Amino acid sequence: MAKYDVTHRCGHTGEIDLWGKGKDREWKLKNAEGNLCKECWIEQQKAKPENKELYIHIEPHFLEKENGEKLVYLYFSGATYENKEAIKELGFVWGEEEMPTTPPAKKVWKKVITQKEVKEITVKIKALGAILKR
Ligand SMILES: [Zn+2]
């Protein structure tokens, strides 16, 4: 493994780790040159219309608790980056979708709670300005 300096498409420079065969390394380097740097990529994501607002998805989970209590699955989409700290404070964790609509599962900020807890957390989520999606 070796570190290489790379100039990204946006003109910013960075460092990437390269390993593997010469061909693979060349491909990875080319790829990195064709991509934006991390900061520019984040800015680009933020600028997308679908990422301007924060959305909360509330769905019944396919699982239920052993006592038969219904579980509810919540996850955020859209402007999660700007709201990361607040989302974390609500006890959401970053991980693979529980119920991906199209595989492979994407990573989302998610939380599984009981039906009883929905009301309380919904108030907090609305305070973040999140838009409800069902
Ligand atoms: Zn850049």
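Criteria and cut-off values
- Residues numbered from 1 in each chain as written.
- Predicted model: local features only at pLDDT ≥ 70, side-chain atom pairs only at ≥ 80, totals over all residues.
- Helix = DSSP H or I, 4+ residues; strand = E, 2+ residues; numbered from the N terminus.
- Rg over C-alpha atoms; globule rule 2.2 N^0.38 Å.
- Buried ≥ 20, exposed ≤ 12 C-beta atoms within 10 Å, placed from the backbone.
- Contact = placed C-beta atoms within 7 Å.
- Core = buried A, V, L, I, M, F, W, Y, C linked by C-beta atoms within 7 Å.
- Pairing = 2+ DSSP bridges.
- Axes fitted to C-alpha atoms, helices over the stretch in contact; angles between N-to-C directions.

**Description of the overall build of the chain**
Reasoning step 1: The secondary structure content of the chain amounts to four helices and seven strands.
Reasoning step 2: Each helix and strand of the chain, ordered N terminal to C terminal, gives the series β-β-α-α-β-β-α-β-β-α-β.
Reasoning step 3: For a compact globule of 134 residues, the expected C-alpha radius of gyration is about 14 Å, and the chain comes in at 20 Å, more than 25% above that figure.
Reasoning step 4: C-alpha extents for the chain along the principal axes are approximately 55 × 30 × 25 Å.
Reasoning step 5: The buried share of the chain, taken over its 134 residues, is 9%.
Reasoning step 6: Sequence-distant contacts in the chain: of pairs separated by 6 or more residues, those separated by 24 or more amount to 54%.

**Quick notes on the nonpolar core**
Reasoning step 1: One finds Leu54, Ile56, Leu74, Tyr75, Phe76, Ala79, Ile87, Phe92, Val108, Ile125 and Ala130 forming the largest nonpolar core, which totals 11 residues.
Reasoning step 2: Contributing elements (two or more residues each) for this core: strand 3 (54–64) and strand 4 (70–78).
Reasoning step 3: In terms of residue count, strand 4 provides more of this core than any other element does, three residues in total.

**Considerations on the sheet that holds strand 6 (residues 107–114)**
Reasoning step 1: One open sheet holds the five strands; their spatial order is 5-6-4-3-7, and the pairing between them is mixed. Of all strands in the sheet, those with a lone pairing partner are strand 5 (93–96) and strand 7 (131–133), marking the two edges. Ignoring which end each strand starts from, the neighbouring axes of this sheet average 40 degrees apart.
Reasoning step 2: One ladder, built from eight bridges, connects strand 3 with strand 4; its direction is antiparallel. Among the inter-strand pairings, Glu59 is bridged to a residue of strand 4, identified as Tyr73.

**Some thoughts on the pairing of strand 1 (residues 2–7)**
Residues in a regular strand point their side chains to alternate faces of the sheet.
Reasoning step 1: With zero of six residues buried, strand 1 lies mostly on the surface of the structure.
Reasoning step 2: Of the strand pairs in this sheet, strand 1 and strand 2 (residues 13–18) are connected by six bridges, and their pairing is antiparallel. Bridged to Tyr4 within strand 2 is Ile16.
Reasoning step 3: What sits between strand 1 and strand 2 in their antiparallel hairpin is a turn of five residues, with Gly11 showing a positive phi close to 95 degrees.

The values are spatial; any link to function lies outside them.
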